[in-house]
Amino acid sequence: MSYKEAEMKQLFEAFVSFGAGSNGPAAMEMDSAKLTKFCKENSVFNKKCTSTDSDIIFSKVKTKGARKIVFSEFVAALQLLAEKRGSAYEDVVDKAIEKGGPASSGTKAQPNKFYDDKSNWTGTAAKGGPSTVDLANQDLSKHLDRTDADVRGVKKAATTTARPTSAGGSSARPPSAKGARPVSATKDSVKSPRPGSRPGSAVKRPGSSASSKNTRLDPETTEGQLAELFTTFCAFGGGVQPSYLSAEMDGAKFVKFCKDSKLVGKKMTVTDVDLIFTKSKFDKTDRKITWDSFRQAALPQMAEKLGTSVEQVMEKAVAAGGPTSSGTKAQSNRFHDDKSLYTGTHAKGGPSTVDHANQDLSAHLDRAPADVRGVKK
């Protein structure tokens, strides 16, 4: 029997069970990490005996192929460690028993007045905090409408009694909700006037009436030239150029118009142009603006931003001449540009993508006289 074997066995089991949970370890066996923890907390290590020595001794005393040691091997390891550090085994045991077992070195949070002092709590936390448990009687019935209704789901309380007609019959009156607005006052029937329209006039899109179709701007005036310029920008990169009455400009084309017309600068940036485009739309859901919204809303906002008049903005845009293409231009290459340097097929005129004259099937067949076997005569 070793020195104070009963006390050391309790100490051994305490270190083995440390951090193993409520169910404890599967077997009373100690791994290398727990042995190192035992030596650190009981001051076994010194300059002569380090954690490396602990790992080497652990490998010596354990059974070959095993990953843990039992109590008897633990005692043998302590004896070797005591010899390595230059102390008696009894001194190591007494010091370990005096320490009393494994210690936990978890991080402790610093005090925080907003968390520790409940008088500083606000909102839900001040009322007791949110609950992770449903309140009493919180079943499916709290989320369903179980009032009386007919087979179509119409509440019976909402229906009204029939009133007699002049012929003695009865005509059912359609149910109406209490406090409902008349149809004439609904949101869809009330339309707010667009910018530039007279009070009380109906809102109409450009080109929707006969008068707007027949109204043409004089191309000799600045406004007429700007209208043609507006349609040119709308059709840029899109093919056929429409009339200014039906043309619509998106945000990208509007930015290009301002850039090509030299209107973008320190006073009016691209961001300002995007904001003006958004404000100029008659309807927030529209993705494009018409000539009317461009002329009545966008131009005055641009003039205000630039600190000038609308007429000066129009003249500057017309003077710019229209959209410009900024395609990439290839650099000069002497092997391509100087035809005297061509070689091969290109020196003879290059390959042709068009067939020469009389290029039919006969040019690809040998029609010289031959016998029945194909042997030429």
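Quantities reported herein were computed from a predicted structural model and do not represent experimental measurements.

Asker: How would you explain the overall build of the chain if you had to name every residue and give the values?
Answerer: Each helix and strand in the chain was counted, giving 15 helices and 2 strands. Sequence-distant contacts, at least 24 apart, represent 52% of the contacts inside the chain between residues at least 6 apart. Within the structure as shown, the chain displays about 28100 Å² of accessible surface, and the carbon and sulfur contribution to it stands at 51%.

Asker: Before we move on, can you summarise the environment of Lys-267 with the specific residues and values?
Answerer: You can see Lys-267 is positioned in the loop between α10 (251–260) and α11 (270–280). Assessed through its relative accessible area of 57%, Lys-267 is described here as exposed. For the pair Lys-267 and Met-302, spaced 35 residues apart in the sequence, the C-alpha separation amounts to 9.9 Å. For Lys-267, the residues in contact, after removing those within four places along its chain, are Asp-272, Lys-305 and Leu-306.

Asker: Lay out helix α3 (residues 51–61) with the relevant residues and their values.
Answerer: Among the residues of α3, those classed as buried are Asp-53, Ser-54, Ile-57, Phe-58 and Val-61. One face of α3 carries all of its buried residues, which in axial projection span an arc of 140 degrees. At its buried positions, α3 is contacted by α2 (32–41) and α4 (71–85).

Asker: Quick one: what's the story with the nonpolar core, residue by residue and with numbers?
Answerer: Of all hydrophobic cores here, the largest spans 29 residues; its most connected members are Leu-226, Phe-254, Phe-257, Leu-263, Phe-294, Leu-299 and Met-302. Of all the elements in the fold, those that place two or more residues in this core are α9 (222–235), α10, α11, α12 (291–306) and α13 (310–320). Per element, the largest residue contribution to this core is 7 residues, and it comes from α12. Apart from residues lying up to four places away in sequence, Met-302 is in contact with Phe-254, Phe-257, Cys-258, Leu-263, Met-268, Ile-276 and Phe-294.

Asker: Before we move on, could you go through the packing of aromatic side chains and cite the residues and values that matter?
Answerer: Counted by the stated rule, this structure contains 13 aromatic pairs. Through a chain of ring-to-ring contacts, three or more aromatic side chains come together here, namely Phe-230, Phe-233, Phe-254, Phe-257, Phe-277, Trp-291 and Phe-294.

Asker: Pulling in residues and values, what's your account of the pattern of salt bridges?
Answerer: Scanning the model with the defined rule gives 5 salt bridges in all. Close ionic contact of Lys-4 with Asp-94 constitutes a salt bridge, the shortest N to O distance being 3.1 Å. With Lys-4 in the segment before α1 (5–17) and Asp-94 in helix α5 (residues 89–99), the pair connects residues that are 90 residues apart, well separated along the chain. Taking relative accessible area as the criterion, Lys-4 reaches 34% and is therefore assigned partly exposed.

Asker: How would you summarise the environment of Asp-337 if you had to cite specific residues and measurements?
Answerer: Its place among the elements puts Asp-337 in helix α14 (residues 334–337). Within the structure, Asp-337 has its side chain in polar contact with the side chain of His-336 (distance 3.1 Å).

Asker: Talk me through the packing of α12 against α13; I want residue IDs and the actual numbers.
Answerer: Remark: α12 packs on α13, axes separated minimally by 8 Å, with the N-to-C direction vectors making an angle of 100 degrees. Put simply, α12 runs roughly perpendicular to α13. Taking contact as the criterion, the partners of Arg-295, Leu-299, Pro-300, Ala-303 and Leu-306 in α12 are, on α13, Val-310, Val-313 and Met-314. Considering only residue class, the contact of α12 with α13 consists of 7 nonpolar, no polar and 1 charged.

Asker: Now, about the confidence of the model for the chain: what can you tell me, with residues and values included?
Answerer: Chain-level pLDDT for the chain is 78 on average; 75% of the residues reach the 70-or-more range. The lowest-confidence element of the chain is helix α8 (residues 210–214), averaging 39 in pLDDT; the highest-confidence one is α3, averaging 94. Between residues 159–215, whose pLDDT stays under 50, and residues either more than four places distant or in other chains, the model counts 39 contacts.

Asker: Just give me the short version of unusual backbone geometry, but keep the residues and values in it.
Answerer: Keep in mind that most residues, glycine aside, have a negative phi and that most peptide bonds are trans. The residue Ser-43 is not glycine, and still its phi comes out positive at about 55 degrees. Non-glycine residue Lys-262 carries a positive phi angle of around 60 degrees. Tracing the chain through its elements places Lys-262 in the loop between α10 and α11. Using a relative accessible area of 59% as the deciding quantity, one classes Lys-262 as exposed.

Asker: Residue-level account of α12, with values.
Answerer: An α-helical turn contains 3.6 residues, so any two residues separated by three or four positions project in the same direction. Over its 16 residues, α12 extends 21 Å from the first C-alpha to the last, a length consistent with the 22 Å expected when each residue adds 1.5 Å. A bend of about 35 degrees at Ala-298 is the largest found in α12, and the proline Pro-300 appears one to four places after it. Burial in α12 covers these residues: Trp-291, Ser-293, Phe-294, Ala-297, Ala-298, Leu-299, Met-302, Ala-303 and Leu-306. Next to the buried residues of α12 lie α9, α10, α11 and α13. Downstream of α12 by a residue or two, Gly-307 has a phi angle that is positive, lying close to 75 degrees.

Cut-off values and rules
- Residue positions within a chain follow its written sequence, with the count starting from 1.
- Local features in this predicted model are restricted to residues whose pLDDT is 70 or higher, and side-chain atom pairs enter the listing and the counts only when it is 80 or higher, whereas totals over whole chains, interfaces and linings include all residues.
- Each side-chain value is derived from all of the structure's non-hydrogen atoms; neither hydrogens nor water enter the calculation.
- A run of H or I in DSSP becomes a helix once it reaches four residues, and a run of E becomes a strand once it reaches two; helices and strands are each numbered from the N terminus.
- Residues count as neighbours in contact if any of their non-hydrogen atoms are within 4.5 Å of one another.
- Residue burial considers only the protein chains on display, and all accessible areas are found by Shrake-Rupley using a 1.4 Å probe.
- Each residue is placed in one exposure class: buried if its accessible area under a 1.4 Å probe, protein chains only, is under 20% of its type's maximum, exposed if it is over 50%, and partly exposed if it falls in between.
- Picture the helix axis, draw a direction to every C-beta atom, and the arc is the one those directions span.
- To form a nonpolar core, buried Ala, Val, Leu, Ile, Met, Phe, Trp, Tyr and Cys residues must be joined to one another through side-chain atoms within 4.5 Å.
- Side-chain rings of Phe, Tyr and Trp, where Trp is taken by its six-membered ring, are said to pair if the distance between their centres is within 6.5 Å; with planes under 30 degrees apart they count as stacked, over 60 as edge-to-face, and otherwise as tilted.
- When a carboxyl oxygen of Asp or Glu lies within 4 Å of a side-chain nitrogen of Lys or Arg, that pair is called a salt bridge.
- Here a polar contact means two N or O atoms within 3.5 Å. Within protein one must be a hydrogen donor candidate and the other an acceptor candidate, and residues neighboring in sequence count only if both atoms are side-chain atoms.
- Here an axis means a line fitted to C-alpha atoms, over the contact stretch when the element is a helix, while the angle between two N-to-C directions is reported on a 0 to 180 degree scale.
- In these notes the angle categories are as follows: under 35 degrees is roughly parallel, over 145 is roughly antiparallel, 65 to 115 is roughly perpendicular, and the rest is oblique.
- Think of it as three bins: nonpolar holds Ala, Val, Leu, Ile, Met, Phe, Trp, Tyr, Cys and Pro, charged holds Asp, Glu, Lys and Arg, and polar takes everything else, Gly as well.
- Every residue gets a pLDDT, meaning the predictor's confidence in that residue, from 0 to 100.
- Take the number of residues in a helix, subtract one, and multiply by 1.5 Å to get its expected span.
- Consider a residue and the seven residues that end there alongside the seven that start there; fitting an axis to each set, the bend is the angle between those axes.

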